[in-house]
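For reference, the chains in residue letters:
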Amino acid sequence: MATNSAPTQPNGLDFFAADIRAALAAALDLPASDFQLERPRNEAHGEFAFPCFRYAKGAGCNPPELAAKLVDQLQIKDVTASSVGPFLNFQVEPKRLATVVMESALMPAYASDQQGLTSIVEFSSPNIAKPMHVGHMRTTVIGAALARIFVHLGHEVVRINHIGDWGSQFGKLVAAWKRWGDEDRLQADPIAELLQLYVRYHEEEKEDESLPADAKAAFQELESGEENQTRETWKHFTELSLREFNHVYERFGIEFDFVRGESWYEDKLEPLSDWLDSCGVTEESDGATIVDLTSEGIKTPCLVKTAHGTTLYATRDLAAAKSRWEEFNFDQLLYVVGAEQTLHFQQFKAVLKRCGAEWQQRMEHVPFGLIRLAEGKLSTRAGRVIGLADVLDRAVELARAAVEEKNPELEGKAEVAEKVGVGAVVFHDLKHQRQKDVVFDWKEVLSFEGDTGPYLQYTHARCCSILRKAERPVVSVADIDPALFEGGHELFVAIGRLPQALREAGQKREPMLLAHALLKIASAGNVYYRENRVLGTGDPALEDARLAVIEALRSTLALGLELLGVPVPEQM
Ligand code: ARG
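Being a predicted model, the structure only gives us computed values, none of them experimental.

(A) Examining the overall build of the chain more closely. From N to C terminus, the chain includes 21 helices and 13 strands. Along the longest, intermediate and shortest principal axes, the C-alpha atoms of the chain span 85 × 65 × 40 Å. Relative to its 572 residues, the chain shows a buried fraction of 53%. Across the chain, contacts joining residues at least 24 apart in sequence account for 74% of those joining residues at least 6 apart. Total accessible area computed for the chain in this model is approximately 25700 Å², and 48% of it derives from carbon and sulfur atoms. Across the chain, 61 positive and 86 negative side-chain charges occur, with their mean positions spaced 4 Å apart.

In structure tokens form, the structure reads like this:
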């Protein structure tokens, strides 16, 4: 399990938000947690806005009157309140803002009020014997980012890869293997061979009646739990497939706490059936066992056992959920799975609800939109899905060409290209709203300008380069005259908002919020170093201050990018 011990003092702009909320609480006689601060529509009005509508009635006046009254009443250290109609705006004294933001940006970790929550994030979960295609990218990348964000917020995080390694399709595969399998081809390219067998099975199934019969028998053999030839073959396929998946995970820098395929819950299926029966929710329908869900407003019943007595995807998910609850006592269990499986998750949660398992409320399906390739060379060839590894390879190849052009002298170009290529693909995915479809266009993904991963990486590398050239350590903020931070206000506000962006990204399960906060930071950072010469000003104190700003920018970008899963090269 991954945990982080972050300090608990509010960080960045949160520091001032806490004071403002406390002052509002005292003035309106309500708990501080009641107050949501917003962002003023016009940045010139300050850093925080507070709409008075909800509180006016309680205060016995209309919202503009309340706003005006509060302006007179509130006394907040380093913060000036003003009113515009029904809104209160708060402006932090700029030098104080600079100092507080700089201090917290240069601290190793941000604070969190969510320490100790246990969050399970289930993500990636590809199916063995099939390639990881672009469709698996979103779950993998979004899930990993959410897991890292939760760790950062202080949760105990359990990352589970729920590999699809069980089900009737493996009976089919074993039957096909027995007829047409070739060990040499399998060793050379396991997934291609298995996929080929699977496709052939479906082509020949119609003509050859013994084929489906063999497949059914093979799956029954698997489900019997006995150590037999079928099981050996299946194990072999699983191992080879996992090896392939691991290559992709390595490139993404992703690790799991548990790689538990559906088969891992094998010995929990019988007890689960018994439990469902004892809860009185099962019934028979044409020889199969189902749970009716009309009482939960779901028309389609949940099928938990086929007429042949074999289990289903949903059965295994029920067993997995129950076992996870018993093992981890989670506060939240997130399933990062495509939107097309929404009904499945509604169904099995509803089954648990009917069983009186209150904890099902802590389970949440985190759906996402599809990924579509813009027309071009790498778009789907007839009937063929595009492998995720191919997408990464192509991205790295393009990144390599870009690096070659920009910085031909660079050492370790291959490594940098890998980081830029993979980072570009990851960032492109995460900058979109999770539920929306993503159109994948190579040109856009790999551009060094605009809202891209390479742009952020480049900004970070620029900072590294300035710091390298300075050839001296960054001094502590306490030793810098805050007046020398002049010119950085926009950047400090952007950096200061990061803790809030992280919290919201976690709450809304939306890494995009972090991605956008980083873009804002990078663009303010670019303006800063363009307009404020860092080295060679001839004024050592000024140079110290500006170098510290560059280091704050660098470390903030590095932190944010790492949380998203975008590698951060020091040169590019
Ligand atoms: N293996 C499934 C697929 O690729 C996804 C599994 C999602 N997780 C779950 N607990 N059902 O479609």
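Text resumes after the structure shown.
(B) Layout of the environment of Thr118. Its location among the elements puts Thr118 in strand S4 (residues 118-122). For Thr118, a relative accessible area of 13% translates into the label buried. Taking C-alpha positions, Thr118 is 24 Å from Phe252, a pair spaced 134 residues apart along the chain. Residues contacting Thr118, with those up to four places away along its chain left out, are Glu156, Phe328, Phe330, Asp331 and Gln332.

(C) View of the pairing of strand S1 (residues 48-51). Covered by surrounding structure in S1 are Phe48 and Phe50 together with Ala49 and Pro51, the residues of both alternating faces. Note that S1 and strand S3 (residues 87-92) share four bridges and pair antiparallel. From the neighbouring strand, Ala49 faces S3, where its bridge partner is Asn89.

(D) A look at unusual backbone geometry. Not every positive phi belongs to a glycine, and Ser125 is a case in point at roughly 45°. For Ser125, the position within the fold is in the loop between S4 and helix H5 (135-152). The phi torsion at Asp286 lies on the positive side, around 50°, for a residue other than glycine. In this structure, Asp286 sits in the loop between strand S7 (282-285) and strand S8 (288-291). The exposed category is assigned to Asp286, whose relative accessible area is 77%.

(E) Molecular detail of the site of the ligand. Taken together, Glu122, Ser125, Asn127, His136, His162, Tyr313, Asp317, Tyr335, Val337, Gln341, His344 and Phe345 form the complete shell of residues around the ligand. Here a nitrogen atom of the ligand sits 2.7 Å away from a polar atom, N or O, in the side chain of Tyr313. In this structure, an oxygen atom belonging to the ligand sits 3.0 Å away from a side-chain N or O atom of Gln341. Contributions of two or more residues to the shell around the ligand are made by helix H12 (313-328) and helix H13 (342-354). Residue composition of the shell around the ligand, by class: four nonpolar, six polar and two charged.

(F) Main features of the packing of aromatic side chains. Applying the stated criterion across every chain yields a total of 20 aromatic pairs. Between Phe15 and Phe16, the ring centres sit 5.2 Å apart and the planes meet at 80°, which makes this aromatic pair edge-to-face. Classification of Phe15 by relative accessible area gives partly exposed; the value is 22%. Both rings, one in Tyr335 and one in Phe345, keep their centres 4.9 Å apart while their planes meet at 45°; by these two values the pair is tilted. Of the two residues, Tyr335 is situated in strand S10 (residues 332-336) and Phe345 in helix H13; the sequence distance between them amounts to 10 residues. Among the residues examined, Tyr335 registers a relative accessible area of 1% and is labelled buried. An aromatic cluster of three or more residues is present, and its members are Phe35, Phe50 and Tyr55.

(G) Expanded view of helix H11 (residues 269-278). Within H11, the full set of buried residues consists of Leu269, Leu272, Ser273, Trp275 and Leu276. Each buried residue of H11 sits inside an arc of 160° when the element is viewed along its axis, so together they form one side. Of the surrounding secondary structure, the elements contacted by the buried residues of H11 are helix H9 (210-223), S7, strand S9 (302-305), H12 and H13. Following H11 by one or two positions, Gly280 adopts a phi angle in the positive range, close to 70°.

(H) Examining the pairing of S8 more closely. As defined by bridge partners, S7 adjoins S8 across four bridges and the pair is classed as antiparallel. Opposite Ser285, over in S8, you have Ala288 as the bridge partner. Between the antiparallel neighbours S7 and S8 lie two residues, among them Asp286 with a positive phi of about 50°. With three bridges joining them, S8 and S9 adopt antiparallel strand pairing. Each bridged residue has a counterpart across the sheet, and for Ile290 the counterpart in S9 is Leu303.

(I) Looking closely at the pattern of salt bridges. For the structure shown, the criterion picks out 30 salt bridges. Where Lys77 meets Asp78, a salt bridge forms, and the shortest distance between an N and an O atom there is 3.5 Å. A relative accessible area of 60% places Lys77 in the exposed class. By sharing partners, the salt bridges in this structure join Lys77, Asp78 and Arg96 into a single network.

(J) Up close: the sheet that holds S8. In space, the three strands of this open sheet follow the order S7-S8-S9, with antiparallel pairing throughout. Because the sheet does not close on itself, it has two edges, and the strands there are S7 and S9. Averaged over all adjacent pairs, the angle separating strand axes in this sheet is 45°, with direction ignored.

(K) The sheet that holds strand S6 (residues 258-259), seen in detail. Pairing in this open sheet of five strands is parallel, and the strands run S6-S5-S4-S10-S11 from one edge to the other. Each of the sheet's edge strands pairs with one partner strand only, and the pair in question is S6 and strand S11 (363-366). The pairing of strand S5 (residues 156-161) with S6 spans two bridges and is classified as parallel. Of the residues in S6, the one forming a bridge with Asn161 is Val259. On the sheet, H5 packs against S4, S5, S10 and S11 and is oriented at approximately 155° with respect to S10.

Here is what the cut-offs are and how they apply
- Residues numbered from 1 in each chain as written.
- Predicted model: local features only at pLDDT ≥ 70, side-chain atom pairs only at ≥ 80, totals over all residues.
- Heavy atoms only, no water.
- Helix = DSSP H or I, 4+ residues; strand = E, 2+ residues; numbered from the N terminus.
- Buried < 20%, exposed > 50% of the residue type's maximum accessible area, 1.4 Å probe, protein only.
- Contact = heavy atoms within 4.5 Å.
- Areas by Shrake-Rupley, 256 points an atom, 1.4 Å probe, with all protein chains shown as cover.
- Lys, Arg positive; Asp, Glu negative; His and termini not counted.
- Charge placed at Lys NZ, Arg CZ, Asp CG, Glu CD.
- Pairing = 2+ DSSP bridges.
- Near = heavy atom within 4 Å.
- Polar contact = N/O pair within 3.5 Å; in protein donor to acceptor, adjacent residues only side chain to side chain.
- Nonpolar A, V, L, I, M, F, W, Y, C, P; charged D, E, K, R; others polar.
- Phe/Tyr/Trp six-rings, centres within 6.5 Å; stacked < 30°, edge-to-face > 60°.
- Arc of directions from axis to C-beta.
- Salt bridge = Lys/Arg side-chain N within 4 Å of Asp/Glu carboxyl O.
- Axes fitted to C-alpha atoms, helices over the stretch in contact; angles between N-to-C directions.

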